[in-house]
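# Structural characterization, general
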Amino acid sequence: MKGIVYSDVTHGKVYSLLTSYEEGECILSRLVKILPYKEIDDRTRRVKEGIVLGRVVNYLRINEHMTNEPLLKIMYDRPEVRELIQRDDAKFHHIVLEIETIGAFSYEGERLTLRAPIIPGAMVDDFTEEDFYNIFKGNKDKFVYLGRFYGTNVPQPLILKPLTNDAAHILVVGQTGSGKSTLVKMLMSLYAKQFRHMNFIVFDTVGEFTLAFTREDPLLKCNFSEVFVSYGRETPVVLRIGENLVFDRWEVLEFLMDELRILRHTGIPQNSVSNMRQGVEFIVNWLEKKRYALKDLYEKADEIFRELFTEPTLEEFASAVYKEKTRKEEYKAKLFNQDGTPSYGLEIFKLKLKKIFSLFDTSNNRMTVNSMAYRLLEGGKTFIIDLSSDISLSLDEISRQDINMQAMRKLMLKELVDAVRRVGNTIYNEGGSLDTMIILEEAHNWAPRRITDETENDYTSQLSNALVNAYKETRKFGISWLAISTRLTSLRQEIFEHSRIKLIGMGLQSGNDYDILREEFGNNFMVTYSTFPDPTDPLIKTNRVCFMVAGPITVISTKPEAVEIFSPDEFLDRNDIKENLLPF
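Every chain is numbered independently, its residues counted from 1 as its sequence is written. Totals for whole chains, interfaces and linings use every residue, but because this is a predicted model, local features are given only for residues with pLDDT of at least 70 and side-chain atom pairs only at 80 or more, for both listing and counting. Neither water nor hydrogens contribute to the side-chain values; these are computed over all heavy atoms in the structure.

### Things to note about unusual backbone geometry
For the bond running from Leu-35 to Pro-36, omega is 0°, close enough to zero to count as cis. The omega torsion of the bond from Glu-311 to Pro-312 falls at 5°, within 30 degrees of zero and hence cis. Along the chain, Pro-312 falls in the loop between helix H10 (301–308) and helix H11 (313–321). A positive phi is found at Ser-29, a non-glycine position, where the angle reads about 75°. Helix and strand labels come from DSSP, where a helix needs a run of H or I of at least four residues and a strand needs a run of E of at least two; each type is numbered from the N terminus. As for its placement among the helices and strands, Ser-29 is situated in the loop between strand E2 (13–20) and strand E3 (31–40). Its relative accessible area of 4% is what places Ser-29 among the buried residues. Phi is positive for Leu-114, which is not a glycine, with a value near 60°. Within the secondary structure, Leu-114 is located in the loop between strand E5 (95–106) and strand E6 (123–126). Summary of the burial criterion: residues with accessible area below 20% of their type's maximum are buried, those above 50% are exposed, and those between are partly exposed, where the area comes from a 1.4 Å probe applied to protein chains only.

This is how it looks when you write it as structure tokens:
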């Protein structure tokens, strides 16, 4: 496909008359070069020659353009254009391309400002892979690649920056099946290869990341733990709450006892929420006053149980639950059988309490939330927090039916967020950087735009606000948050606004999502985005995964770039990952 510029309409846009075209070629979103182009340096007056890169955002027929008298005059003032228009042997010669200019480079690969006008008569041609390597031959070792420019064979270069200098937050969004998780794993591997001291924490709610780091990823055909180790990094660690990761704050203990409502087994009615809460507060305060360490509660559970339900502590506990004397005495009577042995309900309470205590037990090298966060200071850590498995497996059968597991997950996540923020603030005040990327799978569950479930309002609001505050405050700590979500309208607006790097996948072409994208990126963005194929469409034989990439990782342009993601083999080859892999 070739053309000729006949008008520099406005800065950032030119029109080109199509001069050569093979019928059936896809024109929309085509990447083209415009040459010659020259700029004169403001200070040195040195002339820099090169090319302009552009993307075809629209096409129209000449007769549709005839109402624009100034353009019509310019067209006929150019002899070569007039000759083409008057030809009758090729209808495609009457097609006009609207081209958005996206960047300019000298022939030595230096970025130009694109402040000089493009002169009518400049030639338009396809930007090829050969052009790419010729221009960027001196810089190509600085680039990494997720894919090729949409509709071309030209690799789309990215430049990754260390989080110590610029911890930009990242948003990856697209409907189910758009390729989000695979894209994030590819991006993780590129960061891990280039910055070996960088840490990763993944909050994995689906299990896809856990699978990729413990077995062979089904799409990328490699074990990511092996990939990371081949870079000279430590072996990634999969953590599960209650298995090898435990809590370390009294507030969490109080929440779990309250959430499980374990005191109802001691005879407090189910609907007497305030009485149960008063009892829980007493027990937690009593444990703290007795100077028990959280990590020792499980081991000393029997000792705690005996003392708690023996006078004078029993009287103090019962008085905290019921202020009225008669009800207090009735409650105490329910706790024991006639022979003085604990009642069945009290035994159930003991079992549940001990199970909760196990979530704070640091024996067998279990990490606490805080110790995990402080290990980030060593650098090169990768922690996959597996929230996909049923956390209630850490409890017993009688506990599983009681607890709101989604609320519990949100509490766990908030604890981890707060711990990382505390450590990040500490190292920042000492003049350092935490150098950590935190990946949130299903971020719309943790920071939803609207909270509809009143029963989860407190947990969701607390976590949502904590995440938004982290987005606003922790970039200077060297912490980058990467959120994965299905829709923009399901996610807190602040997450979108504070994510400088955005990767937009298929499926947001309608409704409020469309409006948000159009307002942020403009109509030209939507023209290209709307042509993305659905990789799950059974009528498309070739599985093509496409994303719009915007932000300070793109090389060619400061505008969003349309990218067709590489196949797994090509991704590994283009980024020299396969040759680094150790034998499985």
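### Things to note about the pairing of strand E7 (residues 144–149)
Counting buried positions over the 6 residues of E7 gives 6, a clear majority of the element. Pairing between strands is defined by DSSP: at least two bridges between them are needed. Sheet topology note: the E7/strand E8 (residues 155–158) ladder contains 4 bridges and is antiparallel. Bridge pairing in E8 links Arg-148 to Pro-155. Hairpin connection from E7 to E8: 5 residues lie between these consecutive antiparallel strands, with Gly-151 at a positive phi of about 80°. Direction of pairing for E7 relative to strand E19 (residues 561–565): antiparallel, over a ladder of 3 bridges. Paired with Phe-149 across the two strands is Val-563, which belongs to E19.

### Quick look at the pattern of salt bridges
Salt bridges, as used here, are contacts in which a Lys or Arg side-chain nitrogen is within 4 Å of a carboxyl oxygen on Asp or Glu. Tallying each qualifying case throughout the model produces 36 salt bridges. Ionic pairing is found between Asp-515 and Arg-518, a salt bridge with its closest N-O pair at 3.5 Å. Of this pair, Asp-515 and Arg-518 both sit in helix H20 (residues 511–521), 3 residues apart, which is roughly one turn of the helix. Its relative accessible area of 34% is what places Asp-515 among the partly exposed residues. Here the salt bridges share partners, and the residues they tie into one network are Asp-41, Arg-46, Lys-48 and Glu-110.

### A word on helix H5 (residues 180–194)
For H5, with 15 residues, the first-to-last C-alpha span of 21 Å sits near the 21 Å given by 1.5 Å per residue. Counting buried positions along H5 gives 13 out of 15 residues, so the element sits mostly inside the fold. Every helix has an expected span of 1.5 Å times one less than the residues it contains.

### Regarding H20
Residues of H20 that are buried include every one of Asp-513, Ile-516 and Leu-517, and no others. Buried residues along H20 cover an arc of 95° about the axis, so they all sit on one side. Residues Asn-512 and Glu-519 are exposed on H20 and point more than 90 degrees away from its buried face. Check the buried side of H20 and you find it contacts helix H19 (493–498), strand E17 (501–504) and helix H21 (523–529). Note on H20: the residue one or two positions beyond its end, Gly-522, has a positive phi of about 95°. The arc under discussion is defined with respect to the helix axis, by the directions toward the C-beta atoms. Any two residues whose heavy atoms approach within 4.5 Å are treated as being in contact.

### Here's the deal with the environment of Phe-383
Mapped onto the elements of the fold, Phe-383 is located in strand E14 (residues 382–386). Residue classification places Phe-383 among the buried residues on the basis of a relative accessible area of 1%. Considering only alpha carbons, one finds Phe-383 and Val-237, 146 residues apart in sequence, at a separation of 5.0 Å. Not counting chain neighbours up to four residues away, the residues in contact with Phe-383 comprise Phe-200, Ile-201, Val-202, Val-237, Leu-239, Met-367, Met-372, Arg-375 and Leu-376.

### A word on the environment of Asn-425
With respect to the helices and strands, Asn-425 occurs in helix H16 (residues 405–429). When the C-alpha positions of Asn-425 and Lys-476 are compared, they lie 8.9 Å apart, and in sequence the two are 51 residues distant.

### Things to note about the packing of helix H9 (residues 273–289) against H11
Any two packed helices are characterised by the angle at which their axes cross and by the distance between the axes. Fitted lines through C-alpha atoms serve as axes, helices being fitted only where they are in contact, and the angles separating the N-to-C directions of these axes extend from 0 to 180 degrees. At their nearest, the axes of H9 and H11 sit 7 Å apart, and the two run at 145° to each other. As for the relative orientation of H9 and H11, their crossing is right-handed in sense. Side by side, H9 and H11 meet where Asn-275, Gln-278, Gly-279, Phe-282, Ile-283 and Trp-286 of the first sit next to Thr-313, Glu-316, Phe-317, Ala-320 and Val-321 of the second. Polar here means any residue other than Ala, Val, Leu, Ile, Met, Phe, Trp, Tyr, Cys and Pro, which are nonpolar, and Asp, Glu, Lys and Arg, which are charged; Gly is therefore polar. The class makeup of the residues in the contact of H9 with H11 is 6 nonpolar, 4 polar and 1 charged. Definitions for this section: a left-handed crossing has its near helix turned counterclockwise from the far helix by less than a right angle. A right-handed crossing has that turn clockwise.

### Some remarks on the environment of Glu-49
Here Glu-49 lies in strand E4 (residues 47–61). Each C-alpha atom of the pair Glu-49 and Pro-36 lies 7.3 Å from the other, and the pair is 13 residues apart in sequence. Every residue in contact with Glu-49, bar those within four places of it in the chain, is listed here: Tyr-37, Lys-38, Ser-106 and Tyr-107.

### A word on the packing of aromatic side chains
Two aromatic rings from Phe, Tyr or Trp, using only the six-membered ring of Trp, form a pair when their centres are within 6.5 Å; if the ring planes differ by under 30 degrees the pair is stacked, by over 60 it is edge-to-face, and anything between is tilted. For the structure shown, the criterion picks out 25 aromatic pairs. Note on Phe-132 and Tyr-133: the rings are 5.1 Å apart at their centroids and 75° apart in plane angle, and the pair reads as edge-to-face. Exposure remark for Phe-132: the relative accessible area of 0% places this residue in the buried category. Between Phe-132 and Tyr-145 the ring centres are 6.4 Å apart and the planes differ by 70°, which places this aromatic pair in the edge-to-face class. Here Phe-132 is found in helix H4 (residues 129–135), whereas its partner Tyr-145 is found in strand E7, with 13 residues between them in sequence. The two residues Phe-132 and Tyr-145 agree in class, both being buried. Through successive ring pairs, a cluster of aromatic residues spans Phe-282, Phe-305, Phe-309, Phe-317, Tyr-322, Tyr-331 and Phe-349. Charge-over-ring placement is defined geometrically: NZ (Lys) or CZ (Arg) within 6 Å of the ring centre, and within 35 degrees of the ring normal. Positioned over the ring face of Tyr-298 is Lys-354, at 5.4 Å from the centre of the ring.

In short, the description is geometric, and any link to function would need to be established separately.
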